[in-house]
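What follows is the residue order along each chain.
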Amino acid sequence: MTRKEKVFWGMFVFCLAILIVASQPIFAEPRDVRVDLGADENKLRWYMVKVDELDSMPLTTVRVYYAAAAGKKQMVEALVAEAGLEEAKAQTLYFSEYDYVFNSAEKKYAIKAARHYDTGGNHLFGADVSFEELQWMDSTKGSIPSKALEAYTKL
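In what follows, the accompanying structure is described. Every residue gets a number counted from 1 within its own chain, in the order that chain's sequence is written. Predicted model: local features are reported for residues with pLDDT of at least 70 only, side-chain atom pairs are reported and counted for 80 or more only, and whole-chain, interface and lining totals are derived from all residues. Computation of side-chain values: all heavy atoms of the structure, hydrogens and water removed.

**Some remarks on the pairing of strand S5 (residues 108-118)**
Here is the rule we go by: For every residue, the accessible area obtained with a 1.4 Å probe (protein chains only) is divided by the maximum for its type, and the residue is called buried under 20%, exposed over 50%, and partly exposed between those limits. Put simply, DSSP marks the helices as runs of H or I at least four residues long and the strands as runs of E at least two long, and each gets a number from the N terminus on. A pair of strands counts as paired when DSSP detects no fewer than two bridges linking them.
Within S5, nine of the 11 residues are buried, leaving the element largely enclosed by the surrounding structure. Where strand S4 (residues 93-103) and S5 come together, 10 bridges link them in antiparallel fashion. Along S5, the bridge assignment pairs Asp 99 with Ala 113. Hairpin remark: S4 followed by S5, antiparallel, with four residues in the connecting loop; positive phi at Lys 107, about 55 degrees. Relative to strand S7 (residues 137-138), S5 runs antiparallel, the two sharing two bridges. Within the sheet, the bridge partner assigned to Tyr 109 lies in S7 and is Met 137. Connecting S5 to the next strand, strand S6 (residues 123-128), in antiparallel fashion are four residues, including Gly 121 with a positive phi near 80 degrees.

Given below as structure tokens:
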């Protein structure tokens, strides 16, 4: 291989690498994270498990495990009453995930989606809200959404 050919192929590989690196934001996918957000007022433990963006706004997926019987009972009742799940199926609930989208400028958040799973990780029930139908709520200091946004900004 001549010196010219080596320079050509070296430049080709260099330009290809720059193109791949520059196109990464185009192909951005949610990132898996593991952040312990602590317990809520019901003594349920929350974790941030994914981060992403939605219309240039932070989006976090938070997970809650139903270790406290009272918290699980309340969610099981809601799944039976509002989602129409059979009692026996709802009783297998182990954890739920919520997608929080944040409007940082206004310090508000909305729940984009909710998904509920059994101990095997099998999907029990889920609901998704279109962006236009999001209901924005104030984020109070120390709340799980507030902790999720704070953790997101530190990543």
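Moving on from the coordinates now.
**Some words on the pattern of salt bridges**
Rule in force here: What counts as a salt bridge is simple: a side-chain nitrogen of Lys or Arg found within 4 Å of a carboxyl oxygen of Asp or Glu.
Scanning the entire structure with this criterion turns up eight salt bridges. Residue Lys 112 is joined to Asp 128 by a salt bridge in which the shortest nitrogen-to-oxygen separation is 3.2 Å. Within this pair, whereas Lys 112 is found in strand S5, its partner Asp 128 is found in strand S6, the two being separated by 16 residues in sequence. Accessibility expressed as a relative area gives 14% for Lys 112, which makes it buried. Residue classification places Asp 128 among the exposed residues on the basis of a relative accessible area of 59%. In this structure, the salt-bridge partner of Lys 154 is Glu 150, at a minimum N-O distance of 3.5 Å. With Lys 154 and Glu 150 both in helix H4 (residues 144-154), this residue pair falls four residues apart, about one helical turn. By relative accessible area, which is 43% here, Glu 150 ends up partly exposed. Each member of the salt-bridge network shares a partner with another, and the members are Arg 63, Glu 97, Asp 99 and Arg 115.

Worth remembering: the numbers are spatial, not functional.
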